[in-house]
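What follows is the residue order along each chain.
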Protein chains: 2
Amino acid sequence: MGQLEGLSRQQADGRSDDVETPRKGIHNSTTPIRVGLLGVGTVGSQVARILTEQKDDLQQRIGQPLEISGIACLHPEEVNAPWIDKSLLTTDSKYVATHSDILVELIGGLEPARSLVLKALDSGASVVTANKALLAKYGPEIYRTAEEDGVDIYFEAAVGGAIPLIRPLRESLVGDKVTSVLGVLNGTTNYILDEMTTKGLDFNIALKDAQAKGYAEADPTGDIEGEDAANKAAIVASLAFHTPVSIDDVTMEGITSITADDIALAKAEHKVIKLLAVVSNDEDGVSARVYPALIPDDHPLASVHGSFNAAFVHANEADDLMFYGRGAGGAPTASAVLGDIVTVARHIVQGGTGPQISMYRNLPKAPLSASSAEFAVRFRVCDRPGILAAISKVFADHGISINGINQDLRPTPHDPGYSGELQTLRVVTHQCNENTLRETVDDVCKFDFVIGDPSILREM
Amino acid sequence: MGQLEGLSRQQADGRSDDVETPRKGIHNSTTPIRVGLLGVGTVGSQVARILTEQKDDLQQRIGQPLEISGIACLHPEEVNAPWIDKSLLTTDSKYVATHSDILVELIGGLEPARSLVLKALDSGASVVTANKALLAKYGPEIYRTAEEDGVDIYFEAAVGGAIPLIRPLRESLVGDKVTSVLGVLNGTTNYILDEMTTKGLDFNIALKDAQAKGYAEADPTGDIEGEDAANKAAIVASLAFHTPVSIDDVTMEGITSITADDIALAKAEHKVIKLLAVVSNDEDGVSARVYPALIPDDHPLASVHGSFNAAFVHANEADDLMFYGRGAGGAPTASAVLGDIVTVARHIVQGGTGPQISMYRNLPKAPLSASSAEFAVRFRVCDRPGILAAISKVFADHGISINGINQDLRPTPHDPGYSGELQTLRVVTHQCNENTLRETVDDVCKFDFVIGDPSILREM
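Thresholds, definitions, all that
- Residues numbered from 1 in each chain as written.
- Chains lettered and ligands numbered in written order.
- Predicted model: local features only at pLDDT ≥ 70, side-chain atom pairs only at ≥ 80, totals over all residues.
- Helix = DSSP H or I, 4+ residues; strand = E, 2+ residues; numbered from the N terminus.
- Rg over C-alpha atoms; globule rule 2.2 N^0.38 Å.
- Contact = placed C-beta atoms within 7 Å.
- Expected span 1.5 Å × (residues − 1).
- Buried ≥ 20, exposed ≤ 12 C-beta atoms within 10 Å, placed from the backbone.
- Pairing = 2+ DSSP bridges.
- Axes fitted to C-alpha atoms, helices over the stretch in contact; angles between N-to-C directions.
- Parallel < 35°, antiparallel > 145°, perpendicular 65-115°, else oblique.
- Left-handed = near helix turned anticlockwise from the far one by under 90°.
- Nonpolar A, V, L, I, M, F, W, Y, C, P; charged D, E, K, R; others polar.
- pLDDT = per-residue confidence, 0-100.
- Domains from an automatic or database assignment.

**Digging into the overall build of chain A**
Helix and strand counts for chain A stand at 15 helices and 18 strands. A compact globule built from 460 residues should have a C-alpha radius of gyration of about 23 Å, and chain A, at 25 Å, falls within 12% of that. Dimensions of chain A, computed from the C-alpha atoms along their principal axes, are close to 85 × 50 × 35 Å. Sequence-distant contacts in chain A: of pairs separated by 6 or more residues, those separated by 24 or more amount to 73%.

Structure (structure tokens):
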């Protein structure tokens, strides 16, 4: 934007020399806008349903009808949603990508999603996608391509399901300076931590339970190790700070080392444990991180339960904002996809596009060495005299000031690989450098009385 | 929209025959977009500050610079914000309204705001306003004029201060069906109810306290009687249901009859009292109401304190959503105004406008007689035998089923006009018709043992 001297990009790039020639063959208000779908799983089939059920209302809101022009998927013969016209199903995703006015990409993953999205943009289609992995890795390339092609790229459903978060960052807060976003953005880990909290379960039991109930996948790695939330953090940071932030820039810790003890200890301090995606912009630069954090139980994020997601945004002028809603699920995610489809369709009817995503600031990434926080570190130890003194000395030797040490004399649950009686020892630090903290914890773990992995939680 | 057969409105209405002629004299990417301000009070002066402080960032985000072209106010000589160029100040609001590319209307009230906004739209300017009273009364006229003139009307700041609520309703949820919005949308009443809750104050004392601290105006009527929230309800209902809803369609009850007793009784049931703006769309039609309600204390709206606002939205596909943030204050409201200015400026750079506000559904208004709820009615009575039986009989005679009656035998605080000892009697009903409930309460109040006004609270 800005180089076009008052012309719309569509006019300026020569793709439409004559304003009487409507865009991409859309001749008048009754000619349908072609919507192509890639993928027809949980979300895609709901998108197809709403497009069918709400046809008349959508036409009123857009000014022209929408029409599903093709649905590409791997196994058309397995699709059995009654509202889907079987004749639209095909395995030829490339054809659908290049013969739509709006391509809705819901296949997920990096390839072939990236190639298909780029092909669609280059064919003159606008793209709506819910693909967080794609945008977290190739966002800047895709945003740039959309701008060069004079078309739209919208992706509200990629972060926080039904919650309008992308659009507020892209438009509502565009006159403000966002300084941080704290999000509970992964429903699977949130469900598991909730179950651990309410039922006193350890992580592995709660995970199995979540898998049995369909809240966690058979391979839960992407969720429990923090990668899903990290993808979302990268997308949010890019938009909030007008700076390219890739999944490769996000540091992540998952929730696998959190135990029922950790949750109980947090509860005693009126705190809850949540997996947070945190992006911020301060004097050290831009950072994006995912980690389990201790949150005071009266903070609005503490009451985000189950598959709900929320994002807590701080901006210089607006102060604190929170956005809350269903973070996943077919219908809620489809609602966000439909909002994007209607927005893009309105642009097609009217000519022009929405705001392009500009990475004009390109701020530096904050070095990891600049990260500091207050930490709560939980060790399991076999009790013997002098442990407290020994551990305190390691922290002191590293220059870390301790706020408190609690030794819980009740035996902790059994620990695989150790048959004796274990106790929980928890060190809460004052603000300290994270690298130093991790070195300290590593040194403490060298003691033979420390058993198993410690957990490291950050105070929010 | 929809009648333009693929042309942008700007092209179709003959205001720009040649696409090489840029819109409204904006010749190239360095020509400033003229921003005119009407009003330079709490919000206006903050808007002027951010436009000045963030000039470079805003230019990057828009593609062209913004320039304050004029500031109209009643008393230019009294303006002393150091960042405001005094030479821009004028009392000639009509000139500013008709010589801007974007007019920012922050004077409030119905006239001259309405005339100036319409003049600005007709002059080809887009309008950004925070004027809830104006839109609640004349919204449909203003939206229609903006559409006819091919310009934008944006008003995020009119409801919920910094909270992005208008844009999500207008765009994010446009592919969904919103069925209800419950909002805590008035900071003054929320502050007063908070003070009553935490300090056990009666309404009049809490109001005086709020006035002394500047949280309530010298004439607080518009806030405490519910009119401010009702204006916001009308705007939200119009957008959510694509149906014109005016302030005259909104029924409202304020918080003046709520006592410390009411709050204490609610607290004992783990509930809080909030002034809610509630708009809904069901088989009876569209309704918009403002009333004090009993909210379970674990509901997300219960933790909205002080000057924070929140809106809880239910949509068919998205399910529950909540938006939370600062509902008032100069900088937060200015953040929302700036978001709108940047959005409108981007449309000017690119050509075209955002989605117009269409009232295409024009749903019927639900008749008041269709309103039903569970109610909690609190009477003050001078205790004597048979009171409970007498009151129960009146409810039974009207066919209202009672869920419970509590008689609090502790004396209530002194009541003006009665010197004896009063007690609190509270009747909680099952779901019942509101008109019938009000007739019942009127009949109960005819007993000479009932003293003063009852309070009527709705269960959420």
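**Focus: helix H2 (residues 42-53) of chain A**
Given a rise of 1.5 Å per residue, 12 residues ought to cover 16 Å, and the 17 Å separating the end C-alpha atoms of H2 of chain A matches this to within 8%. All of the buried residues in H2 of chain A are Val-43, Gly-44, Ser-45, Gln-46, Val-47, Ala-48, Ile-50 and Leu-51 of chain A.

**Observations concerning the sheet that holds strand E3 (residues 89-90) of chain B**
All names here are of chain B. An order of E3-E2-E1-E4-E5-E6 is seen for the six strands of this open sheet, with the pairing classed as parallel. With partners counted over all chains shown, the strands left at the sheet margins are E3 and strand E6 (153-154), one partner each. In this structure, strand E4 (residues 102-105) lies alongside strand E5 (residues 126-129), joined through four bridges in parallel fashion. Looking at the pairing, Val-104 lines up with Val-128 of E5.

**Details of the environment of Lys-177 of chain A**
All names here are of chain A. You can see Lys-177 is positioned in the loop between helix H7 (166-172) and strand E7 (178-184). Placed 102 residues apart in sequence, Lys-177 and Val-279 show a C-alpha to C-alpha distance of 13 Å. Excluding its chain neighbours within four sequence positions, the residues that come into contact with Lys-177 are Ala-315 and Asn-316.

**A closer look at the sheet that holds strand E4 (residues 102-105) of chain A**
The six strands are arranged E3-E2-E1-E4-E5-E6 (chain A) in an open sheet whose pairing can be described as parallel. Each edge of the open sheet carries a strand with a single partner, namely strand E3 (89-90) and strand E6 (153-154) of chain A.

**A closer look at unusual backbone geometry**
Residues and elements named next belong to chain A. Following Glu-111, the chain continues to Pro-112 via a peptide bond in cis, the omega torsion being 10 degrees. The residue Pro-112 is located in the loop between E4 and helix H5 (113-122) in this model. Positive phi is not limited to glycine here, since His-242 has a value of about 55 degrees. By secondary structure assignment, the location of His-242 is in the loop between helix H11 (227-241) and strand E8 (251-252). The class for His-242 is buried, based on 21 C-beta atoms found within 10 Å. Not every positive phi belongs to a glycine, and Asn-362 is a case in point at roughly 45 degrees. Along the chain, Asn-362 turns up in the loop between helix H13 (330-350) and strand E13 (372-373).

**Quick look at H13 of chain A**
An α-helical segment advances 3.6 residues per turn. Residues three or four places apart therefore align on the same side. Residue and element names in this part refer to chain A. In this model H13 runs 30 Å from its N-terminal to its C-terminal C-alpha over 21 residues, within 8% of the 30 Å that 1.5 Å per residue would give. By the criterion of burial, H13 is predominantly enclosed, with 20 of the 21 residues buried. Within two residues after H13, Gly-351 carries a phi angle of roughly 90 degrees, on the positive side.

**A few points about the packing of H2 of chain A against H13 of chain A**
Residues and elements named next belong to chain A. Where H2 contacts H13, the two axes come as close as 8 Å, and the packing angle between them is 60 degrees. Comparing the axis directions of H2 and H13 gives the class oblique. In this structure, H2 meets H13 at a crossing whose hand is right-handed. Along the contact surface, H2 presents Thr-42, Val-43, Ser-45, Gln-46, Val-47 and Ile-50, while H13 presents Gly-330, Ala-331, Thr-333, Ala-334, Val-337 and Leu-338. Tallied by class, residues from the contact of H2 with H13 come to seven nonpolar, five polar and no charged.

**A short note on the pairing of strand E12 (residues 319-326) of chain B**
Counting buried residues along E12 of chain B, six of its eight residues qualify, which places the element largely inside the surrounding structure. When strand E12 (residues 319-326) of chain A meets E12 of chain B, the two strands line up antiparallel, connected through five bridges. Bridge assignment links Leu-321 of chain A to a residue of E12 of chain B, and that residue is Gly-325 of chain B. Pairing geometry for strand E11 (residues 308-315) of chain B and E12 of chain B, over eight bridges, is antiparallel. By the bridge assignment, Ala-310 of chain B is partnered in E12 of chain B with Tyr-324 of chain B.

**Topic: the confidence of the model for chain A**
Residues and elements named next belong to chain A. When pLDDT is averaged along chain A, the result is 89, and 91% of the positions lie at 70 or above. Counting contacts from residues 1-27, a segment whose pLDDT is below 50, to residues more than four positions away or on other chains yields 53 contacts. This prediction of the complex comes with two scores: 0.88 for pTM and 0.85 for ipTM.

**Things to note about the pairing of strand E7 (residues 178-184) of chain B**
Residues and elements named next belong to chain B. Of all the seven residues making up E7, five are buried; the element is thus mostly covered by neighbouring parts of the structure. Taken together, the six bridges between E7 and E11 define a ladder with antiparallel strand orientation. When the sheet's bridge partners are listed, Val-184 is paired in E11 with Ala-310. In the sheet, E7 pairs with strand E9 (residues 271-282) via four bridges, with the strands oriented antiparallel. The residue bridging Gly-183 from the neighbouring strand is Ala-277, located in E9.

**A short note on the environment of Gly-108 of chain A**
Residues and elements named next belong to chain A. Examined against the element boundaries, Gly-108 turns out to sit in the loop between E4 and H5. Separated by 138 residues in the primary sequence, Gly-108 and Ser-246 place their C-alpha atoms 17 Å from one another. Discounting residues that sit within four places of it in the chain, Gly-108 has contacts with Ala-113, Asn-131 and Ala-133.

**Overview of the domain arrangement of chain A**
All names here are of chain A. Split by domain assignment, chain A resolves into domain 1 (9-162 + 330-350), domain 2 (174-325) and domain 3 (371-459). Once you take the C-alpha centre of each, domain 2 and domain 3 turn out to be 24 Å apart. Taken together, the 13 residues of domain 2 in the interface contact 11 residues of domain 3. Of all elements in the fold, only helix H12 (260-268) and strand E10 (285-296) reach the threshold of two or more residues within the side of domain 2 that touches domain 3. Here the residues of the side of domain 2 that touches domain 3 are counted per class, giving eight nonpolar, two polar and three charged.

**Digging into the packing of helix H5 (residues 113-122) of chain B against helix H6 (residues 132-149) of chain B**
Residue and element names in this part refer to chain B. At a minimum axis separation of 9 Å, H5 and H6 run at an interaxial angle of 10 degrees. Comparing the axis directions of H5 and H6 gives the class roughly parallel. Our pair here, H5 against H6, has a crossing hand that is right-handed. Contacts from Ala-113, Arg-114, Val-117, Leu-118, Leu-121 and Asp-122 in H5 reach Leu-134, Tyr-138, Ile-142, Thr-145, Ala-146 and Asp-149 in H6.

**A few points about the environment of Ala-310 of chain A**
By the element assignment, Ala-310 of chain A lies in strand E11 (residues 308-315). Measuring from C-alpha to C-alpha, the distance between Ala-310 of chain A and Gln-350 of chain A comes to 33 Å, with 40 residues separating the pair along the chain.

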